[in-house]
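Below, each chain spelled out in residue letters.
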Amino acid sequence: MKTMTCKQLGGACNTKFQANSFDEIAELSKKHGMRMYQAADQDHINAMKKMQELMKSPEAMKEWFENKRNEFDALPLD
């Protein structure tokens, strides 16, 4: 298992996620973001707006995901 925080994954808080793969941790982060959006958490809403801007460029989004995947892969096991 490896650990990353919401902030490390483009979010707004220090909530920790643990997973065995980047895809798993990305899904945990996505679910957390949706809960925070539904709770009208303004910091998370602002972080989502930044991600939406990034999504406008498929190349930028691909690069962002590759960088985050590499960051996950470089982490030590818990």
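The coordinates are above.
Scope of this entry: the structure provided in the associated data block. (Residues numbered from 1 in each chain as written. Predicted model: local features only at pLDDT ≥ 70, side-chain atom pairs only at ≥ 80, totals over all residues. Heavy atoms only, no water.)

1. Points about the packing of aromatic side chains
In step 1: As enumerated under the stated definition, the model contains three aromatic pairs in all.
In step 2: Note on F22 and F72: the rings are 6.3 Å apart at their centroids and 65 degrees apart in plane angle, and the pair reads as edge-to-face. With F22 in helix α1 (residues 22–38) and F72 in helix α3 (residues 58–74), the pair connects residues that are 50 residues apart, well separated along the chain. In this structure, F22 and F72 share a single accessibility class: buried.
In step 3: Between the aromatic rings of W64 and F65, the centroid separation amounts to 5.1 Å while the plane-to-plane angle is 85 degrees, which identifies the pairing as edge-to-face. (Phe/Tyr/Trp six-rings, centres within 6.5 Å; stacked < 30°, edge-to-face > 60°. Helix = DSSP H or I, 4+ residues; strand = E, 2+ residues; numbered from the N terminus. Buried < 20%, exposed > 50% of the residue type's maximum accessible area, 1.4 Å probe, protein only.)

2. Side note on unusual backbone geometry
Trans is the prevailing form of peptide bonds, just as negative phi is the prevailing case for residues other than glycine.
In step 1: Of note in the backbone geometry, A40 takes a positive phi value of approximately 60 degrees without being a glycine.
In step 2: Its place among the elements puts A40 in the loop between α1 and α2 (42–55).
In step 3: Its relative accessible area of 53% is what places A40 among the exposed residues.

3. Here we look at the pattern of salt bridges
In step 1: Taken as a whole, this structure holds three salt bridges when the rule is applied.
In step 2: Across the salt bridge formed by D23 and R69, the nearest N and O atoms sit 3.1 Å from each other. On the criterion of sequence distance, the pair formed by D23 in helix α1 and R69 in helix α3 is long-range, its members being 46 residues apart.
In step 3: For R69, a relative accessible area of 33% corresponds to the partly exposed category.
In step 4: Where E71 meets K68, a salt bridge forms, and the shortest distance between an N and an O atom there is 3.5 Å. Here E71 pairs with K68, and both are found in helix α3, just three residues apart, close to one helical turn.
In step 5: Looking at E71, the relative accessible area reads 28%, which means it is partly exposed.
In step 6: A relative accessible area of 15% places K68 in the buried class. (Salt bridge = Lys/Arg side-chain N within 4 Å of Asp/Glu carboxyl O.)

4. Some words on the pairing of strand β2 (residues 16–19)
In step 1: On β2, burial follows the alternation: F17 and A19 on one face are buried, whereas K16 and Q18 on the facing-out side are not.
In step 2: With four bridges connecting them, strand β1 (residues 2–5) and β2 associate as antiparallel partners. Its bridge partner lying in β2, T5 is registered against K16. (Pairing = 2+ DSSP bridges.)

5. Side note on the nonpolar core
In step 1: Judged by nonpolar contacts, M4, C6, L9, C13, F17, A19, F22, I25 and F72 together constitute the single largest core of nine residues.
In step 2: Elements with a contribution of two residues or more to this core: β2 and α1.
In step 3: Setting aside anything within four residues of it in sequence, one finds M4 in contact with L9, T15, K16, F17, I25, K68, E71, F72 and L75. (Core = buried A, V, L, I, M, F, W, Y, C linked by side-chain atoms within 4.5 Å. Contact = heavy atoms within 4.5 Å.)

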